[in-house]
Amino acid sequence: MAAKLDVMKEEEYFDVLTKTGEKTGFSKPRGDVHRDGDYHRAVHVWIFAESTQELLIQRRADCKDSWAGLWDISSAGHISAGDSSLISAMRELQEELGVTLPKDAFELLFVFLQECTINDGKFINNEYNDVYLVTTIDPIPLEAFTLQESEVSAVKYISVEEYRRALAQEHPDYVPYDVNGEYCQLFTIIEKRYKENAEARSLSLEKQLNRYASTSLSAELTGLGAADKEALTLLVKAATIMDNIFYLQVWYSNPSLRDWLKENADKSQLDKLKWMYYVINKSPWSSLDENEAFLTTADSAVKLLPKATKPVPGWKGLEYRTAFPAVKPAGANFYPPDMDKMEFNLWKDSLQQDKQEEAMGFFNVIRRHSESLFEDSISQKMGNVTSSPQDLYVVPYSQEYNSLLTEAATLLRKAGDMANSSSLKRLLYSKADAFLSNDYYDSDIAWMELESKLDVTIGPYETYEDAVFGYKATFEAFIGVRDDKATAQLKLFGDHLQVLEKNLPMDNIYKSEDVTAAPIRVIQLLYNAGDVKGPQTVAFNLPNDERIVKDRGTSMVMLKNVSEAKFKLILKPIADVCIMEEQREFVDFESFFTHTICHECCHGIGPHTIILPNGQMSTVRLELQELHSSLEEAKADIVGLWALRFLMDKDLLPKSLAKSMYVSFLAGCFRSVRFGLEEAHGKGQALQFNYLFEKGAFILRPDETFAIDFEKVEDSVASLSREILTIQARGDKEVARTLLQKYGVMTPPLKRALEKLENVQVPVDIVPEFPIANQILRDNN
């Protein structure tokens, strides 16, 4: 391992871990760790040549205190106390072999625990190893390496199969690894990646694609004036920039993957299918399959680095595949890929209060000083660049995405100059300012007060991609034409929001005395972009900023043509398969759309800003963190059902809606759960279905169809509403976790229903096509 001694020649320290791999908060010298058998962490970096199917191995220097003179991993080393995994991997490769690569070359394959004792019991190695793969197109010429003499005596390439056989035979020239144990993953991953049958893979992608029904979404533009139509052109172009930002927010190598797949889509049928399914998911992870990867790094973009190693005459330089992990990173590209919750919290807690709030804020990313220093100083030895609790720092979106946001701001200002509506002008100007100032408060207020035939939602809003804390917002855009008639019809819900809050099924102490009615706008969607991947939303309730929710409430936008398409293509066919024949007649669009409206309204009631048991002020989002999205979606759904029943009892809605409301909701459960239980709506829907099934409100009949027990459903809905609302009001994360672990799962009744739907191939969701926006983009290319 590369020496990391400072000027005082002090011994390297390691973080001491528990047996299960968590940091204890203590560190010890290297010698003491191996003498005492303490658990610690290291990195393994494998260089794999794709064209020859070979791994690079190094021969350890004869002076090493473990496995001296034996052939081993391409590069490896301990993670020093306070250091991060990825930086350690990058540094070890540079110091040991003279290969300098950016972070997008490193693919985290798996974590491997090695427990062994050597040197007559004097060297105990209890080591968690983060195993990385660097995929090059061709082997790096051996003369391009610069070997660190104190660590490495030689390097060579060996075929994957030959190396595997050597380990299996416990060849004395090789450092031993158990190829029948955890380390077998290295060989299994490579073998599967490069030996998979193209025809079988094409069939698999076709099956995944067939879960989506293509549908054209359009709208009448006759209500728009000439100026608004000109503004629409600029707004569609600005929306495409939200797409570019979102791709980058998902994962740092995602934009290069997108461009590569698009460029190569015409090479084969398989390449075409890869591109088509990527366009739906906007990442290599499938939204409908618990974010399982449908692509691998072997499908990814190729980059050339002429100066990654020392030059070799006649060699153009190192070509590598931009990497992404098979398991979707919980922190997306909002945080360093190797940051864990403990590191973030230690750093956050060391900050002043205002800086803590900034760290947890919606509109910034968290980065590492050490990573920036490493990438900015690739020609220098980086042994002195280490992590610490202060290694993390905040970068506002206005800086992180500056060039893209500057371009979008220019387009919004030009659109604002053309717009007829004064409120639309205000929105577009203020949003343009927000893109550059990073202060979105005024622009969100302007969005709530929008009164315009041309309806626009653009900017950072939802936090679903941040599965670590649920703090960071993704960019999105929705552009549509307001449906004035439908908007006027829905005023009822906004007018009665305070009444609903007052009567919520939870203790009065948790209720708010001042709920602002959520304005409701119904639109016909013309175009969407950014964080709209996989399943399409039928409505959204914004903003998520608790300051605005507390002061002004929220506003809701309903996408009526999206709802109509989903009802026709998905919900009705689901009902025909899963709902008892006698109750199918109750499944209608009015009930489906009305509950969708009420769902969005109910995001605005119930606990938001809360007082914890210790008297401290907080918010539900901050307390529930990564559990917040799923529980909030479940709350809006189930409280929405309760609210519709309440409004019927007050004669504000026709009582004839009751049966239709419940049966349409039951059919909708199967629709949402098919999104996958990693997705907030899907997990929230599973929670509701399983809870109501347990209470007997939902019944499984002998013919394997489902029905509503109208005698039990009302009390069951109120009971679950009370449970969720109380958890939120108390900010009780552990109770929330218990509830989701018990009910937010795939149970046998749900599984059987989904199998039936798969057998008859009912689409899971829609893929919208936008003819008007697409024509605009074609005309402006």
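Scope of this entry: the structure provided in the associated data block. (Residues numbered from 1 in each chain as written. Predicted model: local features only at pLDDT ≥ 70, side-chain atom pairs only at ≥ 80, totals over all residues. Heavy atoms only, no water.)

Considerations on the sheet that holds strand β20 (residues 539–542)
Sheet architecture is open: 5 strands sit in the order β17-β18-β19-β21-β20, paired in mixed fashion. In the strand order of this sheet, the two ends are held by β17 (454–460) and β20, each with one partner. Adjacent strand axes in the sheet meet at a mean angle of 35° when their direction is disregarded. The sheet contacts of helix α14 (residues 422–437) involve β17 and β18 (475–482), and relative to β17 the element is tilted by about 15°. (Pairing = 2+ DSSP bridges. Helix = DSSP H or I, 4+ residues; strand = E, 2+ residues; numbered from the N terminus. Axes fitted to C-alpha atoms, helices over the stretch in contact; angles between N-to-C directions. Contact = heavy atoms within 4.5 Å.)

A word on the environment of S423
With respect to the element layout, S423 can be found in helix α14. Classification of S423 by relative accessible area gives buried; the value is 14%. Sequence separation between S423 and K316 is 107 residues, and the spatial gap between their C-alpha atoms is 57 Å. Leave out the neighbours within four places in its chain, and S423 touches E449, L450, E451 and S452. (Buried < 20%, exposed > 50% of the residue type's maximum accessible area, 1.4 Å probe, protein only.)

A look at the pattern of salt bridges
Applying the stated criterion across every chain, the model contains 53 salt bridges. Across the salt bridge formed by K274 and D299, the nearest N and O atoms sit 2.8 Å from each other. Of this pair, K274 sits in helix α8 (residues 269–281) while D299 sits in the loop between β12 (292–293) and β13 (302–305); the two residues are 25 residues apart in sequence, bridging distant segments of the chain. R367 is the salt-bridge partner of E400, the closest N and O atoms lying 2.9 Å from each other. With E400 in helix α12 (residues 397–400) and R367 in strand β15 (residues 364–368), this pair connects stretches of sequence that are 33 residues apart. (Salt bridge = Lys/Arg side-chain N within 4 Å of Asp/Glu carboxyl O.)

Considerations on the side chain of R521
Residue placement: R521 occurs in strand β19 (residues 520–530). A polar contact of 2.7 Å, which involves the side chain of R521, links it to the side chain of D455. (Polar contact = N/O pair within 3.5 Å; in protein donor to acceptor, adjacent residues only side chain to side chain.)

Overview of the packing of helix α20 (residues 560–578) against helix α24 (residues 657–673)
One can describe the packing of α20 onto α24 by two numbers: an axis separation of 9 Å at closest approach and a directional angle of 100°. Comparing the axis directions of α20 and α24 gives the class roughly perpendicular. Across the interface between the two elements, K566, I570, L571, I574, A575 and C578 from α20 touch S664, A667, G668, F670 and R671 from α24. Looking at the contact of α20 with α24, its residues break down into 7 nonpolar, 2 polar and 2 charged. (Parallel < 35°, antiparallel > 145°, perpendicular 65-115°, else oblique. Nonpolar A, V, L, I, M, F, W, Y, C, P; charged D, E, K, R; others polar.)

What to know about the packing of aromatic side chains
Counted by the stated rule, this structure contains 47 aromatic pairs. Aromatic side chains F670 and F706 sit 5.1 Å apart centroid to centroid with 50° between the ring planes, which places their arrangement in the tilted category. Here F706 lies in strand β25 (residues 706–708) and F670 lies in helix α24, a separation of 36 residues in the sequence. F706 carries the same exposure label as F670, and that label is buried. Put simply, the rings of F362, F363, Y397, Y401, F435, Y440 and F475 touch in pairs and so form one group of aromatic residues. The lysine or arginine in question, R521, covers the ring of W447, its NZ or CZ lying 4.7 Å from the ring centre. (Phe/Tyr/Trp six-rings, centres within 6.5 Å; stacked < 30°, edge-to-face > 60°. Lys NZ or Arg CZ within 6 Å of the ring centre and 35° of its normal.)

As for α24
Here α24 contains 17 residues, and its C-alpha end-to-end distance of 24 Å stays within 8% of the 24 Å for a straight helix at 1.5 Å per residue. Counted residue by residue, α24 has 16 buried out of 17 residues, so it is predominantly covered. (Expected span 1.5 Å × (residues − 1).)

Topic: the packing of helix α25 (residues 680–694) against helix α27 (residues 733–743)
Between two packed helices, what matters for the description is the angle formed by their axes and the separation of those axes. Two elements in contact, α25 and α27, have axes whose closest approach is 8 Å; the angle formed by their N-to-C orientations is 75°. The angle between α25 and α27 falls in the class roughly perpendicular. Across from K683, A686, L687, N690, Y691 and E694 in α25, the residues of α27 making contact are L739, L740, K742 and Y743. Split into classes, the residues belonging to the contact of α25 with α27 amount to 6 nonpolar, 1 polar and 3 charged.

What to know about the state of the cysteines
By the definition in use, this model includes 0 disulfides. Left unpaired, C598 is separated from the closest cysteine sulfur, that of C602, by 4.3 Å. (Disulfide = S-S within 2.5 Å.)

Looking at the nonpolar core
Core analysis: the largest hydrophobic core is formed by 165 residues, its most contacted members being F344, F435 and F670. Excluding its chain neighbours within four sequence positions, the residues that come into contact with F344 are Y335, M339, A359, M360, I366, L392, F469 and Y471. Judged by nonpolar contacts, the second largest core, of 51 residues, contains V43, I87, Y252 and V764. (Core = buried A, V, L, I, M, F, W, Y, C linked by side-chain atoms within 4.5 Å.)

Section: the pairing of strand β1 (residues 13–17)
Most of β1 is tucked away: 4 of the 5 residues are buried. Here 4 bridges tie β1 to strand β2 (residues 23–29), and the two strands are oriented antiparallel to one another. From the neighbouring strand, Y13 faces β2, where its bridge partner is P29. As consecutive antiparallel partners, β1 and β2 are separated by 5 residues, and within that stretch G21 has a phi angle of approximately 100°, a positive value.

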